[in-house]
Structure formats: structure tokens, C-alpha cells
Amino acid sequence: MELIIKNGRLVSGEGSFEADIFIADGKIERIDKNISLPNAEVLDAAGRSIFPGFIDPHTHLDMETGVAHTADDFLSGTHAALAGGTTTVLDFATQNKGETLTEALKNWHALADGKSGCDYGFHMAITDWNDGVKREIAEMPAQGVTSYKLYMAYDALRVTDAQTYEVLCEVKKQGGIVGMHCENGDLVNELIKKQLAEGNMGTAAHPLSRPDTVEAEAINRYIAIAELADCPVNIVHLSSQAGLEVVLRARRAGRKVYVETCPQYLLLDDMVYMQPNFEGAKYVMSPPLRKKADEAALWQAVEGGDADTIGTDHCPFMWADKQLGREDFSKIPNGAPGVELRPQLIYTYGVKTGRITEEDMCRLLAENPAKLFGMYPYKGALAEGADADIVIWDGDYTGRVTAKTQHSRCDFTPYEGFEICGRAEIVLLHGQMAVRAGEILIENGGRYVKRGACRFWR
Ligand code: URP
Ligand code: ZN
């Protein structure tokens, strides 16, 4: 199919300009003024901004935690992604204890292949480090995996500092990057015990059990380990001013630290944990929501270019599953939905408020994740030869968030009632019409993205 998008304003991280886009065979063939071809279908995008398809570098689809299963599988989760304008998600292929990385990857392919609405790739989450796994790191780039995740918290998932050092040394040889869940697991366990011993069983105890110091200490330690391994690192879901300050100090000392934050840490604060009727459970995630001052510091990082990517940590659990912790906050499954709303939230509360430009939004939601995770420029850019994953953005749309109309299977949203400006009016995936005015038009057109070496700019 041949298609021309006419009269739109093409957005990149560097600037915007008016041009037409000619699409053939799922790729951007040509970008030019006044393209006219007799047999091509024409989409008029006058008055619209055109973004490269957004990339969410942090989702947990079809994930079993041992007590609950995330509400979205690859189909519903990627339909939710597409509805918001996200055309690629990077999920976490999480190694179960005793498994090889090859087995973990196979498991995740089985969950996603042929069942995904948008394109997808996998970060490899290592939970069981040993000599065999060490050898496998060299095999991962051929499988399209160049990024990893480790946990410093969660007893079932976390690795030791020595193991972290070894992982960093191996991944560095392959030109990859390791993202870290930075919370001090020992301290979290201790502080949970303390809250429970004091009889604090409700959601108000959740942020008290995982204070910002716990995040800042873990970030500091991770950066120190990376200094010894001499490689860049990524901090996922940065939530606090204290953590940010550690990052900025390390960067001033020459460390190469990338930072992801998420809409929830920019837009929600810990007062929600005080809500009656267990409503606070909807916001139980780790790290927890912080104070208004943390939100402000993170916005400053986004505005000033200190944050590199905005992911969602889309990790939805049904309201029924959240009930597991009704009597004990520490048993509430951690996580919340977000993949569908990220572009609208960032546009509404970032671009429309004048905090950032559309170009910044493009960089944070598409270009930078594509670069950092080895997909640029065939993803994350409106460029000749790139995949025709394209968002025609209606900046005039206004609405209000409600779980009733979301594509995620989750039966609530932490953003219920939020005012929203802008939406992905049309989303193309490989040049195919995937979304029009909120309606999903393709079922499982998503393809696995084999990623290359990470591109570092810090
Ligand atoms: O609460 C959260 N975010 N659960 C998912 C695991 C993680 O930290 O990424
Ligand atoms: Zn996560």
C-alpha cells in the first residue's frame, strides 16, 4: 500500500517542519514538500503534529508475580499502547530461578509472538546469575537483546552487588546497558516489618516502608558499582528528588548515568495513600509516589534534559487482586496501569503547560528510548528508511480520563478524572492504519524488534 501524509508538521527532537511523508511497503520512502503520486492514498494532516511512533521502554505484560498476574497480556496491553500512540513496547523477559536466559527469552516470545498489537522487544531481567548465564550474555545480541534489568529489591528477584558488578562487566562487552530497580531491599524488608509491628496495616504505610533514602542509597551504590565496571547505566522509574540529586552529583563527577522517570512520579503524590476504603491500593507501586517537592524536582529534570526517557512501568493488577493486601499493605500487588495514557499525560501536563516543547516530548517518548535501546533510526524517527510507525496528533482534543473507556483490561486507572488535551488521532504501524479516533483497527500486527547496540550520548 502506498500512502502520502500531507501538510502535517513533522516533529523530531531537533525541531519541526512542514512536509509530506510518502510511505510504501511499511517504510517511510520519502519526506519532501508537495509530494504527489497518482496511485497513492492521501491522508490530510493539516493542522496536526506528526510524531514518530512512541516507544514505551518499561512494561510488564502477562507477568506472573507468584501471587497475582498482570491484568494485560500482550494483546490487550499493546492495544492500550496503540490507542495512545505507542507503537513499540519494551517488556521484561524475566528469568525464573534455575532457567537459562535462552529459556526466559523463549517464554516471553511464547507470550508475545503473534499476540501483540504493536511492535515489541525484550529487556532481559536476570534474577539467577551463574557461569552459564554469564556465557549467554554474548549470545543475546544475536537474539536482538542488548538491554538488561536487575533488581536491588524484591527477594525473589534481587541480585547481590558482586553479581551486579559481574553483569555490568559482561554486558559492557556487548555494547549493552543494564537498567536497575534501585531500592535497598534489606532496608525495605526491615521497614515493612517495622510498619507492621507498629500496627500500620493500611496503604499509608506503603511510602513509609520505602522512603526516598532507600532509593537514593541504592542509586548511589549502583553508580559506584558501575564506576568500578566502567560502563554507563540506566536508572529505571526514578521517583525522588533525593535519588535525582545522587544522579546529578555522579554526572558532575563524570559518571554516565541515564534516567527514566514515569508520569506517575510527575503527576501524583503520596497523599493518595491516605484515601479511605482501601482506594490507596490503586497507587501501590514501587518505588511509591512521593511528595509535591519530588514531583517538582522531576519536572525540572524533564524540562532541563536531565531525564532521558519517560516510561510507564505499566504493571496493572485488577482491583480484585489488590484486595490481597486489604489487611496488610505489604501483600498488595505492586504496580499500576499507564501504557495508554503516557503521551496524553505528557502532552497535557508537559507541553500544554509550557514546561516542555513537542520536540522534548518526541525526544523523551520516542527518540531517546530508540537510541538508548538500539532501535534508532528505524524506530523513534521520521526519516527516510525508517519503519512507518507514525502518530498524527490532534492537539486540540480535550477529554477526561476514565477507566470505562480504556483499552487496558485493568478495571481502574490512577488518573481517573484527569483532564486531558491532545490525542493520537491516527496511528500507523508499519504503514498500516492501526488506530483512528481511539478505535483499534488491527488485531495482532506487532512484530518482534531485534535491537542493536545501544547508542550513548552521555
Ligand atoms: O510496582 C511496580 N513497579 N512493580 C513492577 C516491578 C518494577 O519495579 O518494575
Ligand atoms: Zn517495572
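Up top you'll find the structure we're talking about.
Now for a look at the structure at hand.

Definitions and limits used
Residues numbered from 1 in each chain as written. Chains lettered and ligands numbered in written order. Predicted model: local features only at pLDDT ≥ 70, side-chain atom pairs only at ≥ 80, totals over all residues. Heavy atoms only, no water. Near = heavy atom within 4 Å. Polar contact = N/O pair within 3.5 Å; in protein donor to acceptor, adjacent residues only side chain to side chain. Areas by Shrake-Rupley, 256 points an atom, 1.4 Å probe, with all protein chains shown as cover. Helix = DSSP H or I, 4+ residues; strand = E, 2+ residues; numbered from the N terminus. Buried < 20%, exposed > 50% of the residue type's maximum accessible area, 1.4 Å probe, protein only. Contact = heavy atoms within 4.5 Å. Axes fitted to C-alpha atoms, helices over the stretch in contact; angles between N-to-C directions. Parallel < 35°, antiparallel > 145°, perpendicular 65-115°, else oblique. Left-handed = near helix turned anticlockwise from the far one by under 90°. Nonpolar A, V, L, I, M, F, W, Y, C, P; charged D, E, K, R; others polar.

Near ligand 1, the surroundings consist of His58, His60, Lys149, Tyr154, His181, His237, Met285, Ser286, Asp313, Cys315, Asn334 and Gly335. The side chain of histidine 58 places a nitrogen or oxygen atom 3.4 Å from an oxygen atom of ligand 1. Contact between ligand 1 and histidine 237: an oxygen atom at 3.2 Å from a side-chain N or O atom of the residue. For ligand 1, whose unbound accessible area comes to 270 Å², protein coverage reaches 96%.

With that settled, the discussion passes to the side chain of threonine 70. Looking at the secondary structure, you find threonine 70 in the loop between strand E6 (54–59) and helix H1 (74–84). Judged by relative accessible area, threonine 70 falls into the buried class, the value being 4%. Within the structure, the side chain of threonine 70 is placed 2.7 Å from the backbone nitrogen of methionine 63, a separation counted as a polar contact. Residue contacts for threonine 70: discarding those within four places in its chain leaves His60, Leu61, Asp62, Met63, Cys315, Pro316 and Phe317.

This next bit is on unusual backbone geometry. Cis geometry is found at the peptide bond from serine 286 to proline 287, where omega equals -5°. In this model, tyrosine 376 is joined to proline 377 through a cis peptide bond whose omega is 0°. With a phi angle near 50°, aspartate 25 is a residue other than glycine that sits in the positive phi range. In this fold, aspartate 25 is placed in the loop between strand E2 (16–24) and strand E3 (27–32).

The contact between helix H4 (residues 161–173) and helix H7 (residues 212–229) brings their axes to 9 Å, and the two run at 45°. One finds that H4 runs oblique with respect to H7. H4 and H7 meet at a crossing whose hand is right-handed. Counting all contacts with H4, which are made through Asp161, Thr164, Tyr165, Leu168, Cys169 and Lys172, the residues of H7 involved are Arg221, Tyr222, Ile225, Ala226, Leu228 and Ala229. Of the residues contributing to the contact of H4 with H7, the split by class is eight nonpolar, one polar and three charged.

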